Amino acid sequence: MESETKPTFSKSTGLPRKRFYRARAHSNPLSDSHFPIPISPSHLDFSLHFPKFFGANNEEVSKKAEFADIGCGFGGLLISLATLFPDTLMIGMELRDKVTEYVKERILALRKSSSGGQYEKVSVVRTNSMKYIPNYFEKGQLSKMFFLFPDPHFKEKNHRRRVISVDLLDEYAYVLRAGGIIYTITDVEELGEWMRSCLEKHPMFESLTQDELDSDPVVELLCSATEEGQKVARNGGQTFRAVFRRIAYVS
Amino acid sequence: MDIEGGERQTKHEVAPALISVHPFQKSVAITVGSALRVFDLIENRPVSLVDESDGPSHKDSIRAIRYGSSGKLFASAGDDKLVKIWSADSWHCLNTISSEKRVTAVAISSDDSYVCYADKFGVVWVVDLDGINEGKVLPSKKGVQLLCHYCSIITSLEFSPDGRYILSSDRDFKIRVTVFPKKSLQGAHEIQSFCLGHTEFVTCITFVQNPEFAQGYLMSGSGDSSVRLWDITTGSLLDTCDVSPTVKHLESNESEPTQVTVTDICALPNSSLAAVSIQRQVCFVLACIRFQGIVLLHCDLSAHTLSITKVIKIPGGSFIPTSISFSTSTRLLWMVSGASNGSNHPGYTRVRLISRIEAEPSSVLEDEQVPGGTTLLEHLQGKVSIEESVMSAAAEAVRAAMCSLMVKKQYSEENREFRKNNRNDKKPTQ
Ligand SMILES: C[S@@+](CC[C@H](N)C(=O)[O-])C[C@H]1O[C@@H](n2cnc3c(N)ncnc32)[C@H](O)[C@@H]1O
């Protein structure tokens, strides 16, 4: 498989070209899925995702993914995080088939072209995160979850399609360890308020203070690292951010 | 068909008959369609239900019935979006709860202070039954959302024996174990574990317990033909028992491909708690779709293993149990077979019992041996003798009903294969 000979790859950069991976703008996350779902987190084959780390005789096999980018789109955030956190396994989740393929190719191309092995610990899965989060992550496995520029689903009757809701936060609180951080950002004011209010309502999350936000190097990536964020920035759009911590909790 | 909400066209979907026996065998209840029939086993007479709550009575198929573990309360709920709480003593309806959606499962907390029910959207609701123990009729209440399985139909709800957790199983193969909070009206947000391992919809869950393992282990049955044993604190799968080889072996009709579905499961707590040698043994009975009998499993709670002890075939025609219930005090297993098609259809069912279930041989009781005799059968079945044709029709209807969850999935799977194979966007090889 020579990337240079593939028309869907850029000749100059060797990276996959986005326009060949364009899909329907919105998928309906509520319709039944037609892609393989691991029966449980232990059924997820990490050697496929991180072959360098889960190959034969490797001592790091006990490691698990710690960051999850939900609805990762074209994967810009993962690529930035990979160099910022070289020791952390991270995974993107994306519903759209072609977009997931694009991210896969993008990561493979970067692994090939970079010598330092920075991209060996990022990967992507095609899945419906609203239904199958517990199939991918164990309790308390994650230290960071990202929800950047999620689909707004404006209509009231479609609010339950939103990827942040008090109900889904139960599951996110389950896969996040105490002290783990959930990052959300959007350019849609109404959605920003919605996400913040869900997090405020949920007893297992608390807001980060301004100081904590200022000292977290990840925060500035939220509006600059992803394709959607860059688009908003180019158009000079406003963004609305809510960053919360999963707290220890007894019912 | 609105796949989105998990709410499907169920207008003419058949409803399997259900049975539930009082924890101390004071009474037995069956339901077929919208009919709820209760027989008093102490007085040996049919019970007439009295509805004093200001809510309406059941008008559509009842999908869930159960006694609270104290034996004081009884709940019924179903497609008419009603949850009715009855006194299992006076058989007065003490409360009628209106749900926004059809109800698929119901559970009563062991202290009788809460009822939980699940709707077709995958939402579990909780209602505070404060004051109901005095046998008073409560003003009609509204459920408060407790938790939600994202757009998946919930098939079974169960409190853990110690009351700490509420468990919910669904069509998407999973069982969620949630801490049942003290202030449950603010929702149950802390998930203790997910029990993941089934490869088809989960149909039924129940707890196994004995004095050494008072907090109990969970057993589940599924459309994947297996029964599984779980540790709910960690969600670990302890053992899997595939019942399909046993059941298929005994199938009379070999030409038809058999999809074995575990349709119901119930625990048989040990009768003799003093006998230390058998203290770790807990037996299970389960009914399997397409199979005229029940399977008895043995669960070793210290070794964490499941094994099939025996199969009890039910003689005399096409009796495929749709629901089973075990009476600990009399060691009788109650079984019902039947289904109703639409709300106005007069539902006939067949009730059968097995005594000495752990003994060899167990005996399937003749009608005249049944507690309550023909008076009971006439009331619960609709009439004393049920023709063979009614029974086979019921069996067929039940098959369809129980398979519907799986069949829908398979069809979409097939469609997908078809579409995949007919794609014309594959590049020709050069
Ligand atoms: C507007 S895009 C934002 C993508 C990316 N986070 C960014 O900032 O550029 C939202 C993405 O979420 C994906 N998505 C929507 N619902 C999803 C779900 N239930 N599971 C996984 N991905 C989902 C969509 O396919 C889409 O790619």
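This one's a predicted model, so the numbers in the text were calculated from it and none came from an experiment.

Peer 1: Just give me the short version of the state of the cysteines, but keep the residues and values in it.
Peer 2: Residue and element names in this part refer to chain B. One pass over the full model with this rule turns up zero disulfides over all chains. Summary of cysteine pairing: C266 is not part of a disulfide, and the nearest cysteine sulfur, belonging to C204, is at 9.6 Å. The exposure class assigned to C266 is buried, which follows from its relative accessible area of 9%.

Peer 1: Please provide a residue-by-residue account of the interface of chain B and chain A, values included.
Peer 2: Residue-level contacts link 28 residues of chain B with 27 residues of chain A. Here chain B packs against chain A, burying approximately 2500 Å² in sum over the two surfaces, 53% of which is carbon and sulfur. Where chain B packs against chain A, one counts two salt bridges. The partner of D172(B) in a salt bridge is K131(A), with the nearest N and O atoms 3.5 Å apart. Secondary-structure elements contributing two or more residues to the side of chain B that touches chain A are β14 (144-148), β17 (175-179), β18 (191-195) and α3 (388-421) of chain B. Counting residues per element, the side of chain B that touches chain A draws most heavily on β18(B), at four residues. A per-class count over the side of chain B that touches chain A returns 11 nonpolar, nine polar and eight charged.

Peer 1: Account for the pattern of salt bridges, naming residues and giving values.
Peer 2: If the charged atoms of two oppositely charged side chains come close together, the side chains can form a pair. The full count for this structure, using the stated rule, is 21 salt bridges over all chains. Residue R245(A) is joined to E206(A) by a salt bridge in which the shortest nitrogen-to-oxygen separation is 2.6 Å. One end of the pair, R245(A), is in strand β7 (residues 240-246); the other, E206(A), is in strand β6 (residues 205-207), with 39 residues separating them in the sequence. Residue classification places R245(A) among the buried residues on the basis of a relative accessible area of 17%. A salt bridge links D79(B) to R63(B), with the shortest nitrogen-to-oxygen separation between them at 3.0 Å. With D79(B) in the loop between β8 (73-78) and β9 (82-87) and R63(B) in strand β7 (residues 62-67), the pair connects residues that are 16 residues apart, well separated along the chain. One network of salt bridges, in which partners are shared, links K52(A), R111(A) and E120(A).

Peer 1: Hey, could you go over the UniProt feature "active site" (unreviewed entry) in chain A for me, with residue numbers and the actual values?
Peer 2: The positions UniProt marks with the feature "active site" (unreviewed entry) are D151(A). Relative to the helices and strands, D151(A) resides in the loop between β4 (142-148) and α6 (166-175).

Peer 1: Provide a residue-level description of the packing of helix α5 (residues 129-136) of chain A against α6(A), including the pertinent values.
Peer 2: Residue and element names in this part refer to chain A. Look at α5 against α6: their axes get within 10 Å of each other, and the N-to-C directions meet at 25 degrees. The angle between the axes of α5 and α6 places the two elements in the roughly parallel class. When you trace α5 past α6, the crossing you get is left-handed. Here M130, I133 and P134 of α5 lie close against α6, whose contacting residues are L168, E171, Y172 and V175. A class-by-class count of the residues in the contact of α5 with α6 yields six nonpolar, no polar and one charged.

Peer 1: Pulling in residues and values, what's your account of the site of the ligand?
Peer 2: Residue and element names in this part refer to chain A. Near the ligand you find 18 residues, and of these E94, R96, N128, L148 and T226 are the closest. At 2.9 Å from a nitrogen atom of the ligand is found a main-chain nitrogen or oxygen belonging to G71. Here R96 contributes a side-chain N or O atom positioned 2.8 Å from an oxygen atom of the ligand. Burial of the ligand by the protein amounts to 92% of the accessible area it has alone, namely 590 Å². Where the shell around the ligand is concerned, the elements lending two or more residues are β2 (90-94), α5 and α9 (227-234). Looking at the shell around the ligand, its residues break down into seven nonpolar, six polar and five charged.

Peer 1: If you had to explain the UniProt feature "repeat: WD" (unreviewed entry) in chain B to someone new, which residues and values would you point to?
Peer 2: Residues and elements named next belong to chain B. Mapped onto this numbering, the UniProt entry gives "repeat: WD" (unreviewed entry) at residues 55-96 and 195-240. A distance of 5 Å separates the end C-alpha atoms of residues 55-96, which is 0% helix and 55% strand. This span, residues 195-240, is 0% helix and 54% strand, and a straight line between its end C-alpha atoms measures 12 Å.

Peer 1: Hey, could you go over the sheet that holds β4(A) for me, with residue numbers and the actual values?
Peer 2: Residue and element names in this part refer to chain A. An order of β3-β2-β1-β4-β5-β7-β6 is seen for the seven strands of this open sheet, with the pairing classed as mixed. Two strands bound the open sheet, and with one partner strand each, they are β3 (122-126) and β6. Adjacent strand axes in the sheet meet at a mean angle of 20 degrees, parallel and antiparallel pairs treated alike. Where helix α3 (residues 76-84) meets the sheet, its contacts fall on β1 (67-70), β2, β3 and β4, and the angle it forms with β2 comes to roughly 180 degrees.

Peer 1: Quick rundown of the UniProt feature "binding site: S-adenosyl-L-methionine" (unreviewed entry) in chain A? Include the residues and the values.
Peer 2: Residue and element names in this part refer to chain A. With numbering matched to this structure, UniProt assigns "binding site: S-adenosyl-L-methionine" (unreviewed entry) to G71, E94, L95, N128, S129, L148, T226, E227 and E228. Along the chain, the position of E94 falls in strand β2. Those residues within four positions of E94 in sequence are excluded, and the remaining contacts are G71, C72, G73, V99, T100, V125, R126 and T127. The topology assignment puts N128 in the loop between β3 and α5. You can call N128 buried: its relative accessible area is 3%.

Peer 1: Talk me through the confidence of the model for chain A; I want residue IDs and the actual numbers.
Peer 2: In this model, chain A carries an average pLDDT of 88, and 84% of its residues clear a pLDDT of 70 or more. Considering only residues more than four positions removed or in separate chains, one finds that residues 1-5 of chain A, a stretch of pLDDT under 50, has five contacts.

Peer 1: Could you give an account of α9(A), with specific residues and numbers?
Peer 2: Residues and elements named next belong to chain A. Within the span of α9, buried status applies to E227, G229 and V232. Of the surrounding elements, those touching the buried residues of α9 are α3 and α4 (97-113). Once α9 finishes, G236 follows within two positions and takes phi at roughly 65 degrees, a positive value.

Peer 1: Residue-level account of the nonpolar core, with values.
Peer 2: All names here are of chain A. Core analysis: the biggest nonpolar cluster contains 44 residues, and F137, M145, Y172, I182 and F205 have the highest contact counts within it. Ranked by residues supplied to this core, first place goes to α6 with six residues. Listed in part, the 32 residues of the second largest apolar core include F67, L78, A82 and Y119.

Peer 1: Describe the packing of aromatic side chains, and please don't skip the residues or the numbers.
Peer 2: Each aromatic ring pair is described using two quantities: the centre-to-centre distance and the angle formed by the ring planes. Per the stated rule, a full pass over the model turns up 12 aromatic pairs over all chains. With a centroid separation of 6.1 Å and 90 degrees between ring planes, the pair formed by Y67(B) and W91(B) is classed as edge-to-face. Highlighted residues: Y67(B) in strand β7 and W91(B) in the loop between β9 and β10 (92-98), separated in sequence by 24 residues. With relative accessibility at 8%, the residue Y67(B) sits in the buried group. A relative accessible area of 3% places W91(B) in the buried class. The structure contains a cluster of three or more aromatic residues connected by ring pairs, namely F67(A), F85(A), F146(A) and Y183(A). Against the face of W194(A) rests R162(A), its NZ or CZ located 4.8 Å from the ring centre. Over the ring of F121(B) we find K101(B); its NZ or CZ atom is 4.7 Å from the centre of that ring.

Thresholds, definitions, all that
- Residues numbered from 1 in each chain as written.
- Chains lettered and ligands numbered in written order.
- Predicted model: local features only at pLDDT ≥ 70, side-chain atom pairs only at ≥ 80, totals over all residues.
- Heavy atoms only, no water.
- Disulfide = S-S within 2.5 Å.
- Buried < 20%, exposed > 50% of the residue type's maximum accessible area, 1.4 Å probe, protein only.
- Contact = heavy atoms within 4.5 Å.
- Buried area = accessible area lost by both parts, 1.4 Å probe.
- Salt bridge = Lys/Arg side-chain N within 4 Å of Asp/Glu carboxyl O.
- Helix = DSSP H or I, 4+ residues; strand = E, 2+ residues; numbered from the N terminus.
- Nonpolar A, V, L, I, M, F, W, Y, C, P; charged D, E, K, R; others polar.
- UniProt positions renumbered as here; feature names shortened; annotations may be inferred.
- Axes fitted to C-alpha atoms, helices over the stretch in contact; angles between N-to-C directions.
- Parallel < 35°, antiparallel > 145°, perpendicular 65-115°, else oblique.
- Left-handed = near helix turned anticlockwise from the far one by under 90°.
- Near = heavy atom within 4 Å.
- Polar contact = N/O pair within 3.5 Å; in protein donor to acceptor, adjacent residues only side chain to side chain.
- Areas by Shrake-Rupley, 256 points an atom, 1.4 Å probe, with all protein chains shown as cover.
- Pairing = 2+ DSSP bridges.
- pLDDT = per-residue confidence, 0-100.
- Core = buried A, V, L, I, M, F, W, Y, C linked by side-chain atoms within 4.5 Å.
- Phe/Tyr/Trp six-rings, centres within 6.5 Å; stacked < 30°, edge-to-face > 60°.
- Lys NZ or Arg CZ within 6 Å of the ring centre and 35° of its normal.

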